[in-house]
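Each chain, written out:
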Amino acid sequence: MENITVNKNIRLEPLNLLMAETIFNTIVRDRDYLETWLPFIEMTNHISDTENFIKSVTRKDELKKDEIFSIWYKEEFAGLIGFKDTDWINMKTEIGYWLAEKMQGKGIMTACVKKLISYAYRKLKMNRIQIKVAVGNTKSAAIPQKLEFQFEGIERSGELHKNKFLDLQIYSLLRSDFQP
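A few points on the structure. Only a predicted model underlies this, so the values are computations on that prediction, with no experimental measurement involved.

1. Some points on the packing of aromatic side chains
In total, this model carries seven aromatic pairs according to the counting rule given. Ring geometry for F69 and Y119: centres 6.1 Å apart, planes at 90°, overall edge-to-face. Placement of F69 in strand β3 (residues 68–73) and of Y119 in helix α4 (residues 108–122) is noted, with a sequence separation of 50 residues between them. Comparing F69 with Y119, the two get one shared label, buried. Taken together, the ring pairs in this structure connect F40, W72, F77 and W98 into an aromatic cluster.

Written as structure tokens, this is what we have:
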């Protein structure tokens, strides 16, 4: 994996263990904000939880691991973005992301998702990208909508969060739909 320049203010760096403290401190600082929509927040209580997550996504076989990047905005950690549940046989993947509260409203995530779309089609040779968003998470849903993903429907009870299941909106973009 390589660093990716999104624009003059934003860069993506492959996730590594040296980032654990920065990521964990951001989660602690923004816990109330982040836990509204992110199930893993309630299970992230010690730096070792963040370290274990990083190890789990960076130690997989190079050909099968998901690519996760840290987002840096004006040299400050802003959040995470990456590919998850990649299906190499069928050439499809999902983009997942989260952003620190103070980084909201700057266009950071839309720019990052747009860059990863191009990366997925050009470098990874994907045919389909999807984004899943909890019903009601309008800020997150605005991103695939702005980037002309197609709304496909609702995955009922698609994610367990705070002891209840949330429905997920499914958005997709095919290689044939992509306009660089």
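There's more to say after this.
2. Looking at the pattern of salt bridges
A full pass over the atoms with the stated rule returns eight salt bridges. Residue R11 pairs with E13 through a salt bridge whose shortest N-O separation is 2.7 Å. A relative accessible area of 22% means that R11 is categorised as partly exposed. Using a relative accessible area of 17% as the deciding quantity, one classes E13 as buried. Residue K102 is joined to E76 by a salt bridge in which the shortest nitrogen-to-oxygen separation is 2.4 Å. In this pair, K102 is assigned in the loop between β5 (92–99) and α4 and E76 in strand β4 (residues 76–87), connecting sequence segments 26 residues apart. It is possible to trace a salt-bridge network through shared partners that takes in R11, E13 and E75.

Analysis parameters
- Residues numbered from 1 in each chain as written.
- Predicted model: local features only at pLDDT ≥ 70, side-chain atom pairs only at ≥ 80, totals over all residues.
- Heavy atoms only, no water.
- Phe/Tyr/Trp six-rings, centres within 6.5 Å; stacked < 30°, edge-to-face > 60°.
- Helix = DSSP H or I, 4+ residues; strand = E, 2+ residues; numbered from the N terminus.
- Buried < 20%, exposed > 50% of the residue type's maximum accessible area, 1.4 Å probe, protein only.
- Salt bridge = Lys/Arg side-chain N within 4 Å of Asp/Glu carboxyl O.

Keep in mind these values describe shape, not function.
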